[in-house]
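Architecture at a glance
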Amino acid sequence: MHISHMLIDGTSVSSRKVDTIFNPASGEPVAGVAVGGREEARLALEAAKRAFPVWSSMPAEERSEVLREAARLVRQRRDEIARLLTLEQGKPLKSSRSEVLSAADVLDYYAEEGKRNTGQWLAGPHSRSIVLRQPIGVAALITPWNYPVDLLSWKVAPCLAAGCTFVSKPPSLAPLAATEFVRAVSDAGLPAGAANVVHGPGGTVGAELVESPISRKIAFTGETATGRAVMAAAAARIKRISLELGGQSPFIVCADADLPAAAASAAHRAFSNMGQICVSVNRIYVADEVAEAFTDQLVSLAESLKIGDGMQPGVELGPMFSSQQREKTKEHVADALERGAELLAGGSEPEGEEFSRGFFFRPTVLGRADHSMRVMMEETFGPVAPIMKFRSVQEAVALANDTEYGLAAYVYTGSLKTAMQVAEGLESGGIGVNVNSVIDRQAPFGGWKQSGLGRELGRWGLEAYLETKHIRVGVWKE
Ligand code: NAD
């Protein structure tokens, strides 16, 4: 069986402890993973610290060349990385391929953005002030299992472009593709130790990366509860932190919306990756007068999606990532039904021998949802679309904001005025108007309220790895 090793100081590192990674579609073993602990995390941090002066002192133009080469290597190795991603995570192979390509595009983007790390020059009466942006130092990059390659690229690329070095900790149960991604980046000509991967549990490896005096910056994506623990641990040394946490994204369908477009868009964003996306559509609010027509269209789309093993061609929805994830989804559906929701589609596992060993679940649509239900207030992280009717746009905005989360929100309307009123009223880091994605490489991504702190992507993503320095130069007598 293939063993995924750690990458520390430019060398593959094995371990006495080897865990098995299982395929969520079949329960079959995929590969072994060498599991480290606090000691390996320390060694990797020390290697990153040694590499920092080498990498950070290289001209941005040269770092840009390395990032471009990294993007090329990731594209060249796309098929193998994507295959591992589908086998360990479950998503359809086509989605894995686009995830890997998107990660390569992010590397290319920051190969350019890193050259635009501009400072400022300010004139005082007797002095000149130069404001520099300099790399923070060693960064700890901690990521979840739902987009293990893409979300890591959002950290690796700006981190390296800024001149920082890093230790990454991929998710324990889906570390294979992420490790191969970092290996490709490392092979592009980075100094040994600039890019490291340590496998292991969050409670040991993750905790060491956060607590160590060596890491100056923590970039974390994961659950809000884990983010809270990371923030508390980072507080001990006042570390720079970026937190991309959970979401509970509303989708508002106004009476004047293009209904087929809205239904297709909601279905895609509620069910793709089996709803295991931080910006998934979690709650749908639809204007009373169009509720029936919209619901019918959503139900027929939910029932038309092809479920299966992500390695099979034509499959649109793979299994859920784990039995735990599926249980939580079932609990949320059962809770909603007990509280008066109506089951309109899905709600159970698909039938058939081919589904018997994987964590499959049918895309689910619930009618008559309200805010007493867990599915409307907590993060389900499953393929469930609950629908609630509203009478006025003001009511829809108030309902949408009635949550501790604030990552993404969507509105479908034919009126520019309504779109702007709703978008400005929503408490959320990203708003999609007549689109179902708030992700654009050149724009900031991140959450309000308990969905996070800081921003990734665009120039904001680069700034997250830079410190500010003011150099005051006396030029005339004061
Ligand atoms: P998780 O919080 O369980 O784990 C995330 C990572 O943190 C893993 O690598 C884990 O091993 C590590 N970790 C756990 N405890 C730690 C600790 N004490 N110190 C340091 N690291 C620790 O999240 P998950 O279940 O892997 O991912 C799903 C969650 O991620 C969902 O809540 C989802 O909304 C969120 N998410 C957010 C975004 C975003 O951009 N806002 C994107 C994707 C996923």
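Residues numbered from 1 in each chain as written. Predicted model: local features only at pLDDT ≥ 70, side-chain atom pairs only at ≥ 80, totals over all residues. Heavy atoms only, no water.

Examining the site of the ligand
To be explicit about the condition: Throughout this document, a residue counts as near a molecule or strand when at least one of its heavy atoms sits within 4 Å of that molecule or strand. Polar contacts here mean pairs of N or O atoms no more than 3.5 Å apart (in protein, one a potential hydrogen donor and the other a potential acceptor; neighbouring residues in sequence count only if both atoms are side-chain atoms). Accessible surface area values rest on a Shrake-Rupley calculation with a 1.4 Å probe, where residue burial reflects the displayed protein chains alone. Helix and strand definitions here come from DSSP, where helices need a minimum of 4 consecutive H or I residues and strands a minimum of 2 consecutive E residues; each element is numbered from the N-terminal end. Classes in brief: Ala, Val, Leu, Ile, Met, Phe, Trp, Tyr, Cys and Pro nonpolar; Asp, Glu, Lys and Arg charged; the others, Gly included, polar.
Among the 27 residues in the neighbourhood of the ligand, the closest are listed as Thr143, Glu223, Thr226, Leu245 and Glu379. Residue leucine 245 places a main-chain N or O atom 2.7 Å away from a nitrogen atom belonging to the ligand. For the ligand, whose free accessible area comes to 850 Å², the fraction covered by protein is 88%. Examining the composition of the shell around the ligand, we find that 3 residues originate from one element, helix α7 (residues 202-211), more than from any other. Looking at the shell around the ligand residue by residue, the classes come out as 14 nonpolar, 9 polar and 4 charged.

Some words on the nonpolar core
Worth spelling out the cut-off: For the purposes of this section, nonpolar cores are sets of buried Ala, Val, Leu, Ile, Met, Phe, Trp, Tyr and Cys residues that join through side-chain atoms within 4.5 Å. Any residue under 20% of the maximum accessible area for its type is buried, any over 50% is exposed, and the rest in between are partly exposed; the area is computed with a 1.4 Å probe on protein chains only. Residue contacts are defined here by distance: any two heavy atoms, one from each residue, within 4.5 Å place the two residues in contact.
Grouped together as the largest cluster of nonpolar side chains are 125 residues, with contacts concentrated most on Leu107, Phe181, Ile252, Ile284 and Phe294. Discounting residues that sit within four places of it in the chain, isoleucine 284 has contacts with Phe251, Val253, Ala266, Phe294, Leu298, Ala385, Pro386, Ile387 and Met388. Core analysis: the second largest hydrophobic core is formed by 23 residues, Ala34, Ala48, Val138 and Val210 among them.

A short note on the sheet that holds strand β16 (residues 364-367)
Heads up, the rule is: Strands were regarded as paired on the criterion that DSSP finds at least two bridges between them. Axis lines are fitted through C-alpha atoms, for helices just across the contact stretch, and the angle between N-to-C directions can take any value from 0 to 180 degrees.
The strand order across the open sheet formed by 7 strands is β15-β16-β17-β14-β13-β18-β19, and the pairing between neighbours is mixed. Both outer strands of the open sheet, β15 (342-345) and β19 (430-433), are each paired with one neighbouring strand and no more. Strand-to-strand twist of the sheet, defined as the mean angle between neighbouring strand axes without regard to direction, takes the value 25 degrees. Taken together, the 4 bridges between strand β18 (residues 408-412) and β19 define a ladder with parallel strand orientation. Bridge pairing in β19 places valine 411 opposite valine 433.

Comments concerning the packing of helix α13 (residues 393-401) against helix α14 (residues 416-425)
Short version of the rule: Note on terminology: angles under 35 degrees are roughly parallel, angles over 145 are roughly antiparallel, angles of 65 to 115 are roughly perpendicular, and the others are oblique. Whether a crossing is left-handed or right-handed is set by the direction in which the near helix is turned from the far one by less than a right angle, anticlockwise for left-handed and clockwise for right-handed.
Running from amino to carboxyl end, α13 crosses α14 at an angle of 30 degrees, the nearest separation of the two axes being 10 Å. Here α13 lies roughly parallel to α14, going by the angle between them. Relative to α14, α13 is oriented so that their crossing is right-handed. Where α13 approaches α14, its residues Val393, Val397 and Asn401 are matched on the opposing element by Thr418, Val422 and Gly425. In terms of residue class, the contact of α13 with α14 is built from 3 nonpolar, 3 polar and no charged.

So, the pattern of salt bridges
Selection criterion: Any carboxyl oxygen of Asp or Glu that lies within 4 Å of a side-chain nitrogen of Lys or Arg is treated as forming a salt bridge with it.
The final tally for this structure, using the stated rule, is 33 salt bridges. Among the salt bridges present, the one from aspartate 9 reaches arginine 50, with a minimum N-O distance of 3.0 Å. Of this pair, aspartate 9 sits in the loop between β2 (6-8) and β3 (11-13) while arginine 50 sits in helix α1 (residues 38-56), and the two are 41 residues apart along the sequence. Arginine 391 is the partner of aspartate 288 in a salt bridge, and the nearest nitrogen-oxygen pair spans 3.9 Å. Residue aspartate 288 is located in the loop between β14 (281-287) and α10 (291-304), and its partner arginine 391 is located in the loop between β17 (384-390) and α13; the two are separated by 103 residues in the primary sequence.

Taken by themselves, the reported measurements are silent on function.
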